[in-house]
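# Descriptive structure summary
Next come the chains, spelled out residue by residue.
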Amino acid sequence: CLGVLLLKVSELLNNSQTILAAAPKINVDYKKSSYIVKLFYRVWTELPYFSQGDMIGSGIYALSKKGRERFDIFPDIIGDDTFVRLLFSPQERVTVYESSFLIFAPLNFQGLLKIKTRSYKGRKELQSKYPEMTHDNDTNLFSVIKLLFRKNRLFLPVIIYFVISCIVRINTLRKSDFHIWERDESSRTLCK
């Protein structure tokens, strides 16, 4: 229930002086996705950005009153959740593990490319409009290589992750318009 989920997040924010942003734990359902999409998400859900407990965004997050005072208005950008996340240090943001929500991964390769292209465009737009905001390096090449060496069982998924990341970057170079909202329709049918 959404009400219970938000109640746990708001309780944490109300009872802490140091936590300014919080989000419920995100769970990804990729059971009905294609093999390639499953391999991609096996890596993505192991990255520090996803697994270290300070992920804010990806659908649901909340700010304390003090946290909301960090900015005036939400910017008109694709990556507004990344903008909010980067306003807070890792010590000021937290994932509430007692509360979680489910997202459905794209069912096919095309859907995955669309949402990853949107995500990448959002990061590039944020860099161009707010260069003073430093990006977390949670999903950089070094993180993926460390993951590969730490968990040899992820060799094929890491290769797939790299290939998809390269395709996304090439797509973004070809279509640099930030105002095109790439959207995966395949996973939306699972929610109905």
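The text that follows walks through the structure, step by step, so that each part is easy to find. (Residues numbered from 1 in each chain as written. Predicted model: local features only at pLDDT ≥ 70, side-chain atom pairs only at ≥ 80, totals over all residues. Heavy atoms only, no water.)

## A closer look at the pattern of salt bridges
Formally: Between Lys or Arg on one side and Asp or Glu on the other, a salt bridge is scored when a side-chain nitrogen of the former is within 4 Å of a carboxyl oxygen of the latter. Burial classes follow relative accessibility: with a 1.4 Å probe on protein chains only, a residue under 20% of its type's maximum area counts as buried, one over 50% as exposed, and anything between as partly exposed.
Evaluation of the coordinates by the stated rule reveals four salt bridges. Residue Asp29 is joined to Lys31 by a salt bridge in which the shortest nitrogen-to-oxygen separation is 3.9 Å. You can call Asp29 buried: its relative accessible area is 16%. Between Glu69 and Lys65 there is a salt bridge; the shortest N-O distance is 4.0 Å. An identical accessibility class is assigned to Glu69 and Lys65; each is exposed.

## Notes on the sheet that holds strand S1 (residues 21-29)
This is how it is decided: Strand pairing is defined by DSSP finding a minimum of two bridges between the two strands. Helix and strand definitions here come from DSSP, where helices need a minimum of 4 consecutive H or I residues and strands a minimum of 2 consecutive E residues; each element is numbered from the N-terminal end.
Taking strand neighbours across the sheet as the criterion, the three strands line up as S2-S1-S3 in an open arrangement whose pairing is mixed. On the outer flanks of this sheet lie strand S2 (62-63) and strand S3 (93-104), each paired with one strand and no other. Judged from the two bridges that link them, S1 and S2 form a sheet pairing that is antiparallel. Considered in S2, the bridge of Ala22 is made with Ala62.

## Notes on the nonpolar core
Defined as follows: Grouping buried Ala, Val, Leu, Ile, Met, Phe, Trp, Tyr and Cys residues that are joined through side-chain atoms within 4.5 Å yields what is termed a nonpolar core. Every residue pair with non-hydrogen atoms within 4.5 Å of one another is taken to be in contact.
By size, the foremost hydrophobic cluster in this structure holds 28 residues, and its most contacted members are Phe40, Tyr41, Trp44, Leu47, Tyr161 and Ile164. Of all the secondary-structure elements, those providing two or more residues to this core are S1, helix H2 (35-44), helix H3 (48-51), helix H6 (109-129), helix H7 (141-150) and helix H8 (155-174). For this core, the leading source of residues is H2, giving six residues. Leave out the neighbours within four places in its chain, and Phe40 touches Leu112, Lys116, Ile160, Tyr161 and Ile164. Core analysis: the next-biggest nonpolar cluster, separate from the first, contains 11 residues, Leu20, Ile77, Leu87 and Leu126 among them.

## Digging into the packing of H2 against H6
Selection criterion: Axis definition: a line fitted to C-alpha atoms, over the contacting stretch in the case of helices. Angles run 0 to 180 degrees between N-to-C directions. Crossing handedness is defined as follows: a turn of the near helix away from the far one that is anticlockwise and smaller than a right angle gives a left-handed crossing, while the clockwise case is right-handed. In this count, Pro and Cys sit with the nonpolar residues alongside Ala, Val, Leu, Ile, Met, Phe, Trp and Tyr, while Asp, Glu, Lys and Arg are called charged and the others, Gly among them, polar.
Interaxial distance between H2 and H6 falls to 9 Å at its minimum, and their mutual angle equals 35°. H6 is crossed by H2, and the crossing has left-handed handedness. In contact with Ile36, Val37, Phe40, Tyr41 and Trp44 of H2, H6 contributes Phe109, Leu112, Ile115 and Lys116. The residue makeup of the contact of H2 with H6, split by class, is eight nonpolar, no polar and one charged.

## Digging into a nonpolar patch on the surface
Our working rule: Each patch is built from salt-bridge-free residues with over 30% relative accessible area, joining like charges within 9 Å and nonpolar side chains (Val, Leu, Ile, Met, Phe, Trp, Tyr) within 5 Å. Shrake-Rupley sampling with a 1.4 Å probe provides the accessible areas, and residues are treated as covered by the protein chains on show and by no other component.
On the surface, Tyr35, Ile36, Phe155, Leu156, Ile159 and Val163 cluster together to form a nonpolar patch covering roughly 550 Å² of accessible area. Contributions of two or more residues to the nonpolar patch are made by H2 and H8. Top contributing element to the nonpolar patch by residue count: H8, with four residues. Relative to the elements of secondary structure, Ile36 occurs in helix H2.

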